[in-house]
Each structure stands twice: as structure tokens, then as C-alpha cells.
Amino acid sequence: MTPPPPGRVDPDLADRLTDAVLLSGLPVAFGEEGPGVRIRPARPAADSDRCAGAAALDWLPSPRLSGAAAMAEPGQPAGPAREVVGTAMENALAEFLPAFGLEAARDGSGRELRVGPPALPAAGLRVPPGVLAARPAGPTPAELGLPAALLDTLRRSAALAGLPLAAHLGGTGITLAPCPPAGDTAAGPGEDRDAAGAADLGWNPSRRLADLADSDRPEAPAAATARAAVDAAMRHALGTALRACGTELRWLHALQRLRVYGESVPTIRR
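Let me begin by describing the structure that accompanies this report.

About the criteria used
Residues numbered from 1 in each chain as written. Predicted model: local features only at pLDDT ≥ 70, side-chain atom pairs only at ≥ 80, totals over all residues. Heavy atoms only, no water. Helix = DSSP H or I, 4+ residues; strand = E, 2+ residues; numbered from the N terminus. Buried < 20%, exposed > 50% of the residue type's maximum accessible area, 1.4 Å probe, protein only. Contact = heavy atoms within 4.5 Å. Areas by Shrake-Rupley, 256 points an atom, 1.4 Å probe, with all protein chains shown as cover. Pairing = 2+ DSSP bridges. Axes fitted to C-alpha atoms, helices over the stretch in contact; angles between N-to-C directions. 1 Å grid on protein atoms, 1.4 Å probe; cavity = no way out; pocket = protein on both sides within 12 Å on 5 of 7 lines; lining within 4 Å. Points joined across faces, edges and corners; volume = space filled by probe spheres on them. Nonpolar A, V, L, I, M, F, W, Y, C, P; charged D, E, K, R; others polar. Expected span 1.5 Å × (residues − 1). Bend = angle between axes of the 7 residues up to and from the residue. Parallel < 35°, antiparallel > 145°, perpendicular 65-115°, else oblique. Left-handed = near helix turned anticlockwise from the far one by under 90°.

Some thoughts on the overall build of the chain
- Along its length, the chain carries six helices and nine strands.
- Per-residue burial over the chain gives 46% buried out of 270 residues.
- Partitioning the intrachain contacts of the chain with sequence separation of at least 6 by distance along the chain shows that 66% fall at a separation of at least 24.
- Counting every atom, the chain has about 12,900 Å² of accessible surface; 56% of that belongs to carbon and sulfur.

Remarks on the pairing of strand β7 (residues 199–204)
- The buried fraction of β7 is high, at six of six residues.
- Side chains Ala199, Leu201 and Trp203 of β7 all project onto a buried face; the interleaved residues Asp200, Gly202 and Asn204 project onto the opposite face, where all are buried too.
- Here β7 runs beside strand β9 (residues 257–263); their pairing, made up of three bridges, is antiparallel. Pairing of Asp200 across the sheet is with Arg259, part of β9.

Here we look at the sheet that holds strand β3 (residues 55–60)
- Sheet architecture is open: five strands sit in the order β1-β2-β3-β5-β4, paired in mixed fashion. Strand pairing shows two members of the sheet lacking a second neighbour, β1 (28–29) and β4 (105–106), which therefore form its edges.
- Bridge count between β1 and strand β2 (residues 36–41): two bridges; the pairing is parallel. Bridging across to β2, Val28 finds its partner in Val37.
- Along the sheet, helix α1 (residues 11–24) makes contact with β1, β2, β3 and β5 (113–115), crossing β2 at roughly 170°.

Quick notes on the layout of surface pockets
- If you add up the space inside the largest pocket, you get close to 260 Å³.
- For the lining of the largest pocket, the secondary-structure elements that each account for two or more residues are β3, α2 (63–71) and α3 (78–96).
- For the lining of the largest pocket, the element with the most residues is α3, which contributes five residues.
- Class assignment for the residues of the lining of the largest pocket results in four nonpolar, four polar and seven charged.

Examining helix α6 (residues 220–244)
- Helix length check: α6, at 25 residues, gives a terminal C-alpha distance of 36 Å against a target of 36 Å (1.5 Å per residue), a fit within 8%.
- Along its length, α6 reaches its greatest deviation from straightness, about 25°, at Leu238.
- Taken from the residues just after α6, Gly246 is the one with a positive phi, measuring 105°.

Regarding the packing of α2 against α3
- For the pair α2 and α3, the least separation of the axes is 7 Å and the interaxial angle reads 135°. When the interaxial angle is binned, α2 and α3 end up oblique. Taken as a pair, α2 and α3 cross one another with a handedness that is left-handed. In contact with Leu65, Ser66, Ala68, Ala69 and Ala70 of α2, α3 contributes Ala78, Gly79, Ala81, Arg82 and Val85.
- Considered class by class, the residues forming the contact of α2 with α3 number seven nonpolar, two polar and one charged.

This is the structure we're talking about:
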């Protein structure tokens, strides 16, 4: 097969990356403005860097965060927040893309997160048509009794980072659920403190991936592996990205839960 000309991503690779990102529940950014994953041609770091056809992946946060970072004075939180969010989300991509048959790694300089055609296997995870199952949407955060102030804080931070917030428990994106009763025996000393007014954070991939994983189709085991990889990677990323955008969170190791408590300081307002 003739490789694409310099400055172009291999078309099959671009299609596979776009599908994997959308299956994970993340948006794809088109052009220079976010939010979402930007898929662009890899840039040679040196004359010997053979990267024709390879893709480089960037996370673009909201234009609001990018604009605040560009205008921020030294020492203000917007600039560091943009860098932290970008790094956290690129790390998440590197963690879960292999489960879709796409190997992602930094280039030799550590500058770009790349996926190249040489690492592209003959086949990856494909979602057949008609996989969506009829099921209830699930309750909204308000119907679950979660505090309005907590929802406002999380909505603001998620919007800054460019991350989708699920409108209901079965939706795609960041999910919120009530904390379990205080005194959970699995918790470590003090780990379930201040659960009142807090919520546990999760991540739902796309309905297509979730329903395929729960089906009896031959592709279900691969979809379940991909769903688990996305869940682990995104929970790691959310703790970092949302904290950088003004939300107070703690990882409860004994419970394996990411808990959100409300607004932190300093916050980013623009």
C-alpha cells in the first residue's frame, strides 16, 4: 500500500481513531478549537523522524479555558490548568487505545502522543449495526437527591475541561451517584468521612460500546475489555483534570471510588 504523503494521516488510521474516541464517550475536535481529541498529522522531530501517515493526538479543552489561559497573568490558575487537563487526557488515551487495537506512545522527544500505521493491526474492535438495546435512561442527578451546588461546581469544571457530563445515570460521560451509607466496612480509617453532600464520580462510555459489551455477540468480550480500559483510564484522568478546573475530589483507595465534594480554590472564572 502506498503511504500517504507527508502531512497527512493514514485515512484508515484516522477512521479507526475517530471511532475509538467516540466509542469511549469522548468528543472529537475538528479544527483548532475544542473541546475534544484533535487527530492531526504527526510532526517530525528531526530529519530522521519517519512519521509519514502517523497521527498525533492532542486534547483541546473548552475555548473558555484556552482563552483564560492565554490571557492569564503569571501565577494565575488557568495556564497550569490547561496543561494539566491536556496531559491527563492524553495519558488516558494512551491507556485505553490499546484495548481498541491502537498502540499509542510518545515520540522520541516526548512531545507528541502518536499512533502510527506500522502499529495498526489488520482488525480492531468493530461495532455491528443494531447493537443498541432498549433500556431506561436512569435517574438524573437531581432525582438522585444530589446537592445543586455540587452539580453546579462539577458542571462548571467539566465544561472548562471539555468533558461531557451525563444528563442521567445511563448517559454518556461523567456520572454522579450518591455515596454509600457512612461507615462502609470496606473503607479505610476516615475514608468515608464527609460523605453527606458529596457524590461518587464515574464514567460511562458510548451506548454502542456499553450495549455491545453486555450483549451475547461474538464481539462482546473485546468490547467488555475496551469498556474496562476506558473506565480505569478515565477515572484516573477525571481526578486530575477536574481538580485542576476547580473541583475538590478525593480517591478513596479502599472503596475504589472517586468522590467529589464541591468547589476548591483557586477557581477559574472568566
